[in-house]
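# Coordinate inspection notes
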Amino acid sequence: MKRTKKLMGFAVIVLVLAAVTVSAYAAPRYNSPAQAVAGMTTRSVEDVVAEKQEKNTTYGSMAKAAGILDEFKVRMLETKKSIIAERVADGTLTQDQADAITKAFEERQSACNGTGSGQVGKQYGACFGKGSGLRLGSGNGRR
C-alpha cells in the first residue's frame, strides 16, 4: 500500500513537471502573418513587410521559400482559432459562426500552397491580417 502511494505521488509530480515544461515551450501567438514569418525566420517584421511590398508576394510564399510553410500554416491556424474563441467568449460571434469560420480555415488551409490571398472567412465577417494585425470584424479596420 505504501509503495502504491509513493508511485502515485511520483506520477503526479512527473505529470505536473510535464505540464509546466510543455507550457514553457508553447508556440508563441503571432498577431499578424508578418510577425509569424519574422518570428520563425529571425527577421524583423519591417524587413518582412518591406519584402512583401517590394516583391508583391505573400507571407505564405515567404514562408514557403524559407522552408517553413507547414509550420507557418499551423501557427496561423492556432492564432486564428484562439481569436475566434475569444470572440465567442465576448459575444461577438456565435458558436455556429465560429464553427463555420474554423471549418473554412481548415478546409482551405489543407490545400494552401502559400500563394493565395488569405481571404478565408471574409464571407462570415472574419478579417485576418489586414491593417493592424489579426482581428475579426467587417474588414473595414474596426473591431
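Coordinates for the structure precede this section.
Below is a summary of the structure that appears in this document. Note on numbering: residues in each chain are counted from 1, in written sequence order. Where local features are concerned, this predicted model is filtered to residues with pLDDT of at least 70; where side-chain atom pairs are given and counted, the filter is 80 or more; whole-chain, interface and lining totals use all residues. Hydrogens are left out, water is left out, and the side-chain values use all remaining heavy atoms of the structure.

### Notes on the environment of V48
You can see V48 is positioned in helix 3 (residues 45–55). Note on contacts: a residue pair is in contact if any heavy atoms of the two residues lie within 4.5 Å. In contact with V48, other than residues within four places in its own chain, are A34, V37, A38, R43, Y59 and M62. Secondary structure elements follow DSSP: runs of H or I of four or more residues count as helices, runs of E of two or more count as strands, with numbering from the N terminus.

### Thoughts on helix 6 (residues 95–110)
By this rule, a helix spans an expected 1.5 Å times one less than how many residues it contains. For helix 6, with 16 residues, the first-to-last C-alpha span of 22 Å sits near the 22 Å given by 1.5 Å per residue. Exposure categories follow from relative accessible area, calculated using a 1.4 Å probe and restricted to protein chains: below 20% of the type maximum is buried, above 50% is exposed, and the middle band is partly exposed. Looking at helix 6, one finds that the buried residues are A98, I101, T102, A104, F105 and Q109. Projected onto a plane normal to the axis of helix 6, the buried residues spread over an arc of 160° and lie on a single side. Turned more than 90 degrees away from the buried face of helix 6, the exposed residues are D96, K103 and S110. Note that the arc is defined by the directions from the helix axis to the C-beta atoms.

### Some details on the nonpolar core
Grouping buried Ala, Val, Leu, Ile, Met, Phe, Trp, Tyr and Cys residues that are joined through side-chain atoms within 4.5 Å yields what is termed a nonpolar core. Counting residues in each nonpolar core, the largest one holds 14 residues, and the members touching the most others are A36, V37, M40, V48, Y59, A63 and F72. Of all elements in the fold, only helix 2 (33–41), helix 4 (59–65) and helix 5 (69–89) reach the threshold of two or more residues within this core. The dominant element in this core, judged by the number of residues it contributes, is helix 2, at 5 residues. When neighbours within four sequence positions are excluded, F72 is seen to be in contact with P33, A36, V37, M40, Y59, G60 and A63. Grouped together as the second largest cluster of nonpolar side chains are 6 residues, I84, L93, A98 and F105 included.

### Remarks on the packing of helix 2 against helix 5
The N-to-C vectors of helix 2 and helix 5 enclose an angle of 135°; their axes lie 10 Å apart at closest approach. Taken together, the axis directions place helix 2 and helix 5 in an arrangement best described as oblique. Handedness of the helix 2/helix 5 crossing: right-handed. Every residue of helix 5 that contacts helix 2 at P33, A36, V37 and M40 is listed here: E71, F72, R75 and M76. Classification convention: Asp, Glu, Lys, Arg as charged; Ala, Val, Leu, Ile, Met, Phe, Trp, Tyr, Cys, Pro as nonpolar; all other residues, Gly among them, as polar. When its residues are assigned to classes, the contact of helix 2 with helix 5 shows 6 nonpolar, no polar and 2 charged. Axes, fitted as lines to C-alpha atoms, cover a helix only where it is in contact. Angles between the N-to-C directions of the axes lie from 0 to 180 degrees. For classification, angles of less than 35 degrees are called roughly parallel, those exceeding 145 degrees roughly antiparallel, those between 65 and 115 degrees roughly perpendicular, and all remaining angles oblique. With the far helix as reference, a near helix turned anticlockwise by less than a right angle produces a left-handed crossing, and one turned clockwise produces a right-handed crossing.

Geometric values such as these leave the question of function open.
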